[in-house]
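The lines below spell out each chain.
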Amino acid sequence: MVHKLLSSEEYIKELKLDDDQIDDINEELETAEKAWNTITTNNVITIDNDTDKHQLFSDLVIKLGTTYSSDDHGVELSDRINESYELTKDAFIDWYIRWVFQSDDDLNEDDNNINNDDSKEVSKSGWTGISWSIAPTSTAITGETWKCSNCRIINKWNDRKCLACDSNAPHIDDLPPEVIAPVTTNTGFTFGGPVSNNNVFSFGGQTTANTTTSSSNLFTTSSTGTFTFGTSTVNANNN
């Protein structure tokens, strides 16, 4: 199957997009072309084996600014390789535009046409069984979702970071402060006596904070982290 690169206007019509998305399409066309040109200046890349194939796919997808997945990008890009085992520049750019902008309904329709099987399972997002908290779409709705400028993934409005690449939300300063649960540091263990300081192990005696002395030669320690056996520990500053 020959994958033809279309114009921005043709993608608007074929993918049933809004006319005001033409600038977004032009931007992504430029992104895909730059990614390709960083790998090669040729319009065709010949692939010798599966190892070379996935290495090429990985390099291209990383240049697009996202993380490569053989189960996601690998499957889609493999369908773009022609009978001569070549990946063309036009086929790669066309794949990327459709990956970013194509709707779920269009993806499902394409799957059914290619496989001629109406009973084939299609994932919610259309991407080979991957589960998304929010399915990829081309636009975000202010107040409900936001689009990551790095990997183009749509996130929930209250997400402070992108769930895919961990980039900050553009409106992170306007979101409520992140609540962090307090951490309790007291880990005292006592046997037969009260404990007043932190991280104390005490056996059969009283313990107080600060530098201490002992009334006997039995084993004692001082300050935080005290171990006391069979004795009382008092403040050395007391008269």
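Residues numbered from 1 in each chain as written. Predicted model: local features only at pLDDT ≥ 70, side-chain atom pairs only at ≥ 80, totals over all residues. Heavy atoms only, no water.

1. Here's the deal with the overall build of the protein
Argument step 1. The helix and strand tally for the protein stands at six helices and nine strands.
Argument step 2. In the protein, which comprises 239 residues, the share counted as buried stands at 35%.
Argument step 3. Looking at the protein as shown, the accessible area adds up to about 14,700 Å², and 47% of this sits on carbon and sulfur atoms. (Helix = DSSP H or I, 4+ residues; strand = E, 2+ residues; numbered from the N terminus. Buried < 20%, exposed > 50% of the residue type's maximum accessible area, 1.4 Å probe, protein only. Areas by Shrake-Rupley, 256 points an atom, 1.4 Å probe, with all protein chains shown as cover.)

2. Regarding the packing of aromatic side chains
Argument step 1. Applying the stated criterion across every chain, the model contains five aromatic pairs.
Argument step 2. Among the aromatic residues, those joined into a cluster by ring pairs are Trp 36, Phe 92, Trp 95, Tyr 96 and Trp 99. (Phe/Tyr/Trp six-rings, centres within 6.5 Å; stacked < 30°, edge-to-face > 60°.)

3. Thoughts on the environment of Thr 88
Argument step 1. In this fold, Thr 88 is placed in strand β2 (residues 86-88).
Argument step 2. Taking the C-alpha atoms as reference points, Thr 88 and Trp 36, 52 residues apart in sequence, are found 9.8 Å from one another.
Argument step 3. Setting aside anything within four residues of it in sequence, one finds Thr 88 in contact with Trp 36, Asn 43, Val 44 and Asn 82.
Argument step 4. Only 3.1 Å separates the side chain of Thr 88 from the backbone nitrogen of Ala 91, close enough to count as a polar contact. (Contact = heavy atoms within 4.5 Å. Polar contact = N/O pair within 3.5 Å; in protein donor to acceptor, adjacent residues only side chain to side chain.)

4. Observations concerning the side chain of Arg 80
Argument step 1. Inspection of the secondary structure puts Arg 80 in the loop between α4 (70-78) and β2.
Argument step 2. A distance of 3.2 Å separates a polar atom in the side chain of Arg 80 from a polar atom in the side chain of His 3.
Argument step 3. Of the polar contacts made by the side chain of Arg 80, one reaches the backbone oxygen of Ala 91; its length is 3.4 Å.
Argument step 4. The contacts of Arg 80, once residues within four sequence positions are left out, are His 3, Glu 86, Leu 87, Ala 91, Asp 94, Trp 95 and Arg 98.

5. Some details on the packing of helix α2 (residues 22-39) against helix α3 (residues 50-63)
Argument step 1. At a closest axis distance of 8 Å, the pairing of α2 and α3 adopts a crossing angle of 135°. The pairing of α2 with α3 is recorded here as oblique in orientation. When the axes of α2 and α3 are compared, the crossing they make is right-handed. Only Leu 56, Asp 59, Leu 60 and Lys 63 of α3 make contact with α2, whose side of the interface consists of Ala 35, Trp 36, Thr 38 and Ile 39.
Argument step 2. Counted by class, the contact of α2 with α3 contains five nonpolar, one polar and two charged residues. (Axes fitted to C-alpha atoms, helices over the stretch in contact; angles between N-to-C directions. Parallel < 35°, antiparallel > 145°, perpendicular 65-115°, else oblique. Left-handed = near helix turned anticlockwise from the far one by under 90°. Nonpolar A, V, L, I, M, F, W, Y, C, P; charged D, E, K, R; others polar.)

6. Observations regarding the nonpolar core
The nonpolar side chains of a soluble globular protein tend to be buried with one another.
Argument step 1. The biggest cluster of nonpolar side chains holds 30 residues, and the ones touching the most others in it are Phe 57, Leu 87, Phe 92, Trp 95 and Tyr 96.
Argument step 2. Elements that contribute at least two residues to this core include exactly α1 (8-14), α2, α3 and α5 (89-101).
Argument step 3. Counting residues per element, this core draws most heavily on α5, which supplies nine residues.
Argument step 4. Those residues in contact with Trp 95, other than ones at most four positions away along the chain, are Val 61, Leu 64, His 73, Glu 76, Leu 77 and Arg 80.
Argument step 5. One finds Trp 146, Cys 162, Ala 169 and Ile 172 within the second-largest nonpolar core, a separate group that totals seven residues. (Core = buried A, V, L, I, M, F, W, Y, C linked by side-chain atoms within 4.5 Å.)

7. Here we look at the confidence of the model for the protein
Argument step 1. Model confidence for the protein is summarised by a mean pLDDT of 73, while 58% of its residues fall at 70 or above.
Argument step 2. Note on residues 114-128: pLDDT is under 50 here. Beyond four places in sequence and across chains, it has 30 contacts.
Argument step 3. Throughout residues 207-223 the model reports pLDDT below 50, and contacts reaching past four residues in sequence, or to other chains, amount to 45 contacts. (pLDDT = per-residue confidence, 0-100.)

8. Some thoughts on the pattern of salt bridges
Argument step 1. For the structure on display, the rule yields six salt bridges.
Argument step 2. The salt bridge partner of Arg 98 is Glu 14, with a shortest N-O separation of 2.7 Å. Note that Arg 98 is positioned in helix α5 and Glu 14 in helix α1, a separation of 84 residues in sequence.
Argument step 3. A salt bridge links Lys 34 to Glu 30, with the nearest nitrogen and oxygen atoms 3.2 Å apart. Here Lys 34 pairs with Glu 30, and both are found in helix α2, just four residues apart, close to one helical turn.
Argument step 4. The exposure class of Lys 34 is exposed, given its relative accessible area of 52%.
Argument step 5. Assessed through its relative accessible area of 42%, Glu 30 is described here as partly exposed.
Argument step 6. Each of Glu 14, Arg 80, Asp 94 and Arg 98 takes part in salt bridges that share partners, so that together they form one network. (Salt bridge = Lys/Arg side-chain N within 4 Å of Asp/Glu carboxyl O.)

9. A word on unusual backbone geometry
Argument step 1. Positive phi values are uncommon outside glycine, yet Lys 16 reaches one of about 55°.
Argument step 2. Structurally, Lys 16 can be placed in the loop between α1 and α2.
Argument step 3. Phi is positive for Tyr 85, close to 55°, though the residue is something other than glycine.
Argument step 4. As for its placement among the helices and strands, Tyr 85 is situated in the loop between α4 and β2.
Argument step 5. Judged by relative accessible area, which is 29%, Tyr 85 ranks as partly exposed.

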